[in-house]
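Each chain, written out:
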Amino acid sequence: MPCPCISQGLQGWSYAAAKLHTAPVRQIFRLRFFHVLVATGGGYAGYRKYEDYKLKQLEKRGIEVPVKLASEWEVALYKSVPTRLLSRAWGRLNQVELPTWLRKPVYSLYIWTFGVNMKEAAVEDLHHYRNLSEFFRRKLKPQARPVCCVHSVISPSDGKILNFGQVKNCEVEQVKGVTYSLESFLGPRISTEEIRFSQALPGNSFQQQLVTKEGNELYHCVIYLAPGDYHCFHSPTDWTVSHRRHFPGSLMSVNPGVARWIKELFCHNERVVLTGDWKHGFFSLTAVGATNVGSIRIYFDQDLHTNSPSYSKGSYNDFSFISNNNKEGIPMRKGEHLGEFNLGSTIVLIFEAPKDFKFNLKAGQKIRFGEALGSL
């Protein structure tokens, strides 16, 4: 007959072994669904990056890539990646001052990776930039970007032309064959009587309500800023900014591959819509945020704060530069500094012009700030 103490010891050892064996299993099951979703979304985002790379290789070979839109579950999975949190972390990292000896190797790696032309920078010495944020927001030499004086609308930034043309049926093309809703993008029409362009011609559609003059049409142009591009943007024409609308939202990538994949991508992402008027009627410039580009700065708007930790889905914040400023709005001259991104993103112009307005562009072409977009 076994000794009672030995029996109890064996039972205790068995219990401890069972506890040790089941502990990892329990920990696995304790993982919250959110963490699993984030991990899955991150993996899927990596897969999409690889797919984007393959598409770029096909484009370089001149092979037309067919449009394949993401399903609802794919968009939801991508949105599960905490891009807003990552963008805020990236923003804080950019503010960390680098030791002098480390600046040149870090910036040189970035220059080599994204093809940055430092000969255009106002300060070429890499040791001058204390942190990544200063390097990203570097100014250019005055002669590096001459502003075209002949044409009425210039490019507000360096970048790549994704799409341009007339707005049709209240839909705007973000890339060829992939559209987004004009009203979803700009938000409900501003009805404040003191805003000058609100005196639109009577019409049923949202698009018709934006047109203020008989015989005019609505046009659009989408410019993608890559990470290696000059990150500041400027006024594309002589106009008056009367209103700002800020849409908090996702911060998904806006590179051409993702723009071809996700319908209404620009409506999902955080953006700042500036609206006003120019000599031909309605004019708007929208700065669209992206992954690691939660920070959108408008120089004359000190009340604007983007990429906040929390926001209500579908919400937006309005601010009138007429009722809260000088009753005249903010006058902007063509080429004047307007704002900046923290890294790279997208600028969307939507404006009213006569029917004989012509773009001087080709989809996919590179363009620099100050070069002509189109004219009458």
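The model shown is predicted, which means the values in this text are computed figures rather than measured ones.

Peer 1: I'm lost on helix α3 (residues 72–79) in this one. Help?
Peer 2: Residues of α3 that are buried: E74, V75, L77 and Y78. Each buried residue of α3 lies within a common arc of 160 degrees when the element is viewed along its axis, so the set occupies one face. Residues E72 and W73 are exposed on α3 and point more than 90 degrees away from its buried face.

Peer 1: Looking at this structure, how should I read the UniProt feature "modified residue: Pyruvic acid (Ser)" (unreviewed entry) in the chain?
Peer 2: As recorded in UniProt, the feature "modified residue: Pyruvic acid (Ser)" (unreviewed entry) lies at S345. By the element assignment, S345 lies in the loop between β13 (337–341) and β14 (346–354). On the accessibility criterion, S345 (0% relative accessible area) is buried.

Peer 1: Before we go on, may I ask you to explain helix α5 (residues 100–114) in this structure?
Peer 2: An α-helical turn contains 3.6 residues, so a residue and the one three or four places further along point in the same direction. Between its terminal C-alpha atoms α5 stretches 22 Å, which fits the 21 Å expected from 15 residues at 1.5 Å a residue. When α5 is considered as a whole, its buried residues turn out to be R103, Y107, Y110 and I111. Buried residues of α5, seen end-on, are gathered within an arc of 100 degrees and therefore sit on one face of the element. α5 presents W101, L109 and W112 as exposed residues on the side facing more than 90 degrees away from its buried surface. In this structure, the buried side of α5 is in contact with α6 (132–136). One or two residues past the end of α5 sits G115, with phi positive at roughly 65 degrees.

Peer 1: Can you help me understand the nonpolar core in this one?
Peer 2: For soluble globular proteins, nonpolar side chains are generally found buried alongside one another. If you look at the biggest cluster of nonpolar residues, it comprises 34 residues, and the most contacted ones within it are L182, F185, L186, I262 and F266. With residues near it in sequence (within four places) discarded, F266 still touches Q174, Y180, F185, V222, V254, R271, V288, T346 and V348. Core analysis: the second largest hydrophobic core is formed by 33 residues, I161, L285, L304 and I330 among them.

Peer 1: Just to check I follow, could you spell out the pairing of strand β3 (residues 171–175) for this structure?
Peer 2: The pairing of β3 with strand β4 (residues 178–181) spans four bridges and is classified as antiparallel. In the sheet register, V172 faces β4, and the bridge partner there is Y180. In textbook terms, the turn of a hairpin is the stretch between consecutive antiparallel strands, and for β3 and β4 this stretch comprises two residues, one of which, G177, has a positive phi near 90 degrees.

Peer 1: How do you make sense of unusual backbone geometry when you look at a structure like this?
Peer 2: Note: most peptide bonds trans; most residues except glycine with negative phi. Positive phi is not limited to glycine here, since N169 has a value of about 55 degrees. Tracing the sequence through the fold places N169 in the loop between β2 (159–166) and β3. For N169, a relative accessible area of 72% translates into the label exposed. Positive phi, close to 60 degrees, is recorded for E264, a residue that is not glycine. Within the fold, E264 resides in the loop between α9 (256–261) and α10 (265–268).

So, how was this worked out
Residue indices follow the written sequence of each chain, beginning from 1 at its first position. For this predicted model, a pLDDT threshold of at least 70 governs which residues receive local features, and a threshold of 80 or more governs which side-chain atom pairs are given and counted, while totals over whole chains, interfaces and linings are taken from all residues. Think of the side-chain values as coming from all heavy atoms in the structure, minus any hydrogens and water. Exposed residues in this analysis have more than 50% of their type's maximum accessible area, buried residues have under 20%, and partly exposed residues fall in between, with area computed by a 1.4 Å probe over protein chains only. Counting from the N terminus, the helices are the DSSP runs of H or I reaching at least four residues and the strands are the DSSP runs of E reaching at least two. Arc definition: it is the arc formed by the directions from the helix axis to the C-beta atoms. UniProt positions are given in the numbering used here, feature names are shortened, and annotations may be inferred rather than shown by experiment. Multiplying 1.5 Å by the helix residue count minus one yields the expected span of that helix. Only heavy atoms matter for contacts: two residues are in contact if any of them lie within 4.5 Å across the pair. By nonpolar core we mean a set of buried residues, namely Ala, Val, Leu, Ile, Met, Phe, Trp, Tyr and Cys, connected to one another through side-chain atoms within 4.5 Å. Note on pairing: DSSP must find at least two bridges between two strands before they are called paired.

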